[in-house]
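Commentary on secondary and tertiary structure
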Amino acid sequence: MTLEIRRADVWRATLSAVCGNVGYIGLAPDGSAYHVVVPVDLQIARGVKAGNRPEDGTPFGGYQGWFYFECPPCSAESENSRRLQTEINAELLKTWAREKGMDVTTG
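The text that follows walks through the structure, step by step, so that each part is easy to find. (Residues numbered from 1 in each chain as written. Predicted model: local features only at pLDDT ≥ 70, side-chain atom pairs only at ≥ 80, totals over all residues. Heavy atoms only, no water.)

**Some words on the overall build of the chain**
Broken down by element type, the chain carries 3 helices and 5 strands. Written out in order from the N terminus, the α and β elements of the chain read β-α-β-β-α-β-α-β. Within the chain, the proportion of its 107 residues that are buried is 42%. A separation threshold of at least 6 residues defines the contact pool for the chain, and within that pool the share at least 24 residues apart is 60%. (Helix = DSSP H or I, 4+ residues; strand = E, 2+ residues; numbered from the N terminus. Buried < 20%, exposed > 50% of the residue type's maximum accessible area, 1.4 Å probe, protein only. Contact = heavy atoms within 4.5 Å.)

Here it is in structure tokens:
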């Protein structure tokens, strides 16, 4: 089964590096669904990555047991920079999902 992730959702999760937030795309463990978690405060995200997880196991409002891809931010506050980073993130997301045994496309 191939999961299609809307390119607009990758765009939504690709934020500017200067905003202090990051965006994530969460994938269900079986690869059947996804959701976008944005914006996530960078300090909260770093705490979750360091193992300071909430007691229920759900990172920053996500779902327990799901996998979360952090979309690297764009370097500038321009639409062109964000568009380019969105394309890069779409490819990174597909590679990351394959490593988890899931097949995704971005369209």
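Next comes the rest of the account.
**Focus: the pairing of strand β2 (residues 21-27)**
For a regular strand, side-chain orientation follows a simple rule: the groups alternate between the two sheet faces. Counted residue by residue, β2 has 6 buried out of 7 residues, so it is predominantly covered. Across 5 bridges, the pairing between β2 and strand β4 (residues 67-71) is antiparallel. Note that in β4 the partner of Leu-27 across the bridge is Phe-67. (Pairing = 2+ DSSP bridges.)

**Here's the deal with the environment of Arg-12**
Within the element layout of this structure, Arg-12 appears in helix α1 (residues 7-13). The spacing of Arg-12 and Pro-39 is 27 residues in sequence and 9.1 Å in space, taken between C-alpha atoms. Discounting residues that sit within four places of it in the chain, Arg-12 has contacts with Val-36, Val-38 and Arg-82.

**Quick word on the side chain of Thr-86**
Mapped onto the secondary structure, Thr-86 falls in helix α3 (residues 79-99). The class of Thr-86 is buried, set by a relative accessible area of 2%. A distance of 2.8 Å separates a polar atom in the side chain of Thr-86 from the backbone oxygen of Arg-82. (Polar contact = N/O pair within 3.5 Å; in protein donor to acceptor, adjacent residues only side chain to side chain.)

**Points about the environment of Glu-77**
Within the secondary structure layout, Glu-77 lies in the loop between β4 and α3. Beyond its immediate chain neighbours, meaning those up to four positions away, Glu-77 contacts Ser-16 and Val-18. A polar contact of 3.0 Å, which involves the side chain of Glu-77, links it to the side chain of Ser-16.

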